[in-house]
Amino acid sequence: MFNTIGVIGLGVMGSNIALNMASKGEQVAVYNYTRDLTDQLVQKSEGQAIHPYYEIQDFVQSLETPRKIFLMVTAGDPTDSVIQSLIPFLEKGDIIMDGGNSHYKDTERRYDELKSKGIGYLGIGISGGEVGALKGPSVMPGGDKDVYEKVAPILTKIAAQVGNEPCCAYMGPKGAGHFVKMVHNGIEYADMQLITEAYTFLKDKLHLSVLEIADIFESWNKGELKSYLIEITAEILRKKDELTGLPLINVILDKVGQKGTGKWTSIQAIDNGIPSSIITESLFARYISSLKEERVNAESILAGTEMEQQPLDKELWIEHVRQALYMGKVCAYTQGFTQYKMTSELHGWDLPLKDIALIFRGGCIIRAEFLNVISEAYQAQPNLANLLIAPYFAEKVKNYQTGLRKVLCEGISSGISFPCLSASLTYYDSYRTGTSNASLLQAQRDYFGAHTYERSDIEGVFHTEW
């Protein structure tokens, strides 16, 4: 009997994807460049339909045709290397699926190369971490639709399920799937940073204990802020350190890592003139966190505010912080979905914005209650220019902007850095300003560079001898 699908790359994510497929009734061939990970998976998968192979040719020949091969390999050169090792053993009509965090332009290059050989190639965004990979991730496939349809029965089975709907939908041609995942990660960066800024206000301005803040996040997770990241934040804050007995959060060093996808999101936005300031500020916040020694030194040299701080009404300000966080999250998701819309128009991808919101409801890291509302907004207005002007969100930000303004004014006057909350309000105020100060910028450009300008009262292009 031939195997129905093969998985290459048996790290944590690849192993869990293979186990997920086997649990859904697939006969799964597995292969890893090094034997140890293959053996570990075999031990863990006792009694399941996991079939190990130690030579790539044997692995390929074990698969039913057209062959379906799922890669969970480190992005970049390792993915290229695996693909090149597969090509000699593949036939026209076979399909390779890349489930790693590849850059979407790499996916497009690989797609073109393999299509010229008659081999189908799908770039598949996978979100949900190791638990999602095992129990059901959010799945974002891109490539030729007819190729996707050949593997859709497997992908929809292994995806997270919300109700009776799988969190898997066809995203679009070529690199669209990996692009959707890339921007998902950018939104994730912003969402995480916004939550940390809310936590900072509760801790440093309201002087609440870690456990009190955990209670607040737990209560928020029962309302309109309900989301995976809010849920795990409450759990993180409750965790005690086994060595000291202190809240674990108090002994974790304040240096943040990043693997590149958030950076790629910002670079793509900058290259294509897409306003993505909240996502970019969240990236810079991680960069400055890495300067730990410099920050400790600067703390003893650079002055902060000397304003006298008045005690705050805790219940009132907890609600202000809740509103500020909700509005910040709305603005961050708005920027992400704007990036989807503008890039889709740029490449002619026709990204299904309402479906993207739906498949983010389960499995993935940014799953949140208001994704239903985002999907409904695009369902009602497929060409919606910006989520902020959708009736539901327009009303929300109208009511919540005061909370965000108060939190920012109070925090900034106390010398607390709020990069993403600040960027959220700046984005909101900039977007709602019909006549901006950009006229002076364009006049400056014309003065020193003869870049010309348009007028507000007469059509045409003009230049002034200043």
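What you are looking at is a predicted structure, and each value in this text was computed from that prediction instead of being measured.

*Asks:* What should I look at first to understand unusual backbone geometry in this one?
*Replies:* A negative phi holds for most residues other than glycine; trans holds for most peptide bonds. Following Thr-65, the chain continues into Pro-66 via a peptide bond in cis, with omega recorded as -5 degrees. Relative to the helices and strands, Pro-66 is located in the loop between α3 (56-61) and β4 (68-71). Despite not being glycine, Asp-350 shows a phi value in the positive range, around 60 degrees. Residue placement: Asp-350 occurs in the loop between α14 (314-347) and α15 (353-359). The backbone of Thr-452 shows a phi angle near 70 degrees, a positive value even though the residue is not glycine. Structurally, Thr-452 is set in the loop between α19 (438-449) and β10 (453-454).

*Asks:* Would you explain the packing of aromatic side chains in this entry?
*Replies:* For any pair of aromatic rings, the description consists of the separation of the ring centres together with the inter-plane angle of the planes. Tallied over the full model, the rule gives 20 aromatic pairs. Arranged with centres 6.2 Å apart and planes meeting at 45 degrees, the rings of Phe-284 and Tyr-287 form a pair that is tilted. Remark: Tyr-287 and Phe-284 occur in helix α12 (residues 277-289); sequence separation between them is three residues, near one turn of the helix. Each ring, one from Phe-337 and one from Tyr-340, has its centre 5.4 Å from the other, and the planes form 85 degrees; the classification is edge-to-face. Remark: Tyr-340 and Phe-337 occur in helix α14; sequence separation between them is three residues, near one turn of the helix. By relative accessible area, Phe-337 is classed as buried at 0%.

*Asks:* Help me out: how do you make sense of the sheet that holds β4 in this one?
*Replies:* Sheet strands pair by backbone hydrogen bonding; their relative direction is either parallel or antiparallel. Strand order in the open sheet formed by seven strands is β3-β2-β1-β4-β5-β6-β7, with mixed pairing between adjacent strands. Only two strands of the sheet have a single neighbouring strand rather than two, namely β3 (50-52) and β7 (138-142). Taken pair by pair, the neighbouring strands of this sheet meet at an average axis angle of 25 degrees, ignoring direction. Direction of pairing for strand β2 (residues 28-31) relative to β3: parallel, over a ladder of three bridges. When the sheet's bridge partners are listed, Val-28 is paired in β3 with Ile-50.

*Asks:* How should the packing of helix α8 (residues 176-204) against helix α9 (residues 210-220) be read in this particular structure?
*Replies:* The axes of two packed helices give the description: the angle between them and the distance between them. For the pair α8 and α9, the least separation of the axes is 10 Å and the interaxial angle reads 135 degrees. With respect to α9, the element α8 is oriented oblique. Helix-helix and strand crossings are classified by hand; for α8 and α9 the assignment is right-handed. On the side of α8, the interface is formed by Ile-195, Tyr-199, Leu-202 and Lys-203, while α9 contributes Val-210, Ile-213, Ile-216, Phe-217 and Trp-220. When the residues that make up the contact of α8 with α9 are grouped by side-chain class, the tally is eight nonpolar, no polar and one charged.

Definitions and cut-offs
- Residues numbered from 1 in each chain as written.
- Predicted model: local features only at pLDDT ≥ 70, side-chain atom pairs only at ≥ 80, totals over all residues.
- Heavy atoms only, no water.
- Helix = DSSP H or I, 4+ residues; strand = E, 2+ residues; numbered from the N terminus.
- Phe/Tyr/Trp six-rings, centres within 6.5 Å; stacked < 30°, edge-to-face > 60°.
- Buried < 20%, exposed > 50% of the residue type's maximum accessible area, 1.4 Å probe, protein only.
- Pairing = 2+ DSSP bridges.
- Axes fitted to C-alpha atoms, helices over the stretch in contact; angles between N-to-C directions.
- Parallel < 35°, antiparallel > 145°, perpendicular 65-115°, else oblique.
- Left-handed = near helix turned anticlockwise from the far one by under 90°.
- Contact = heavy atoms within 4.5 Å.
- Nonpolar A, V, L, I, M, F, W, Y, C, P; charged D, E, K, R; others polar.

All quantities given are derived from atomic positions and should not be read as evidence of function.
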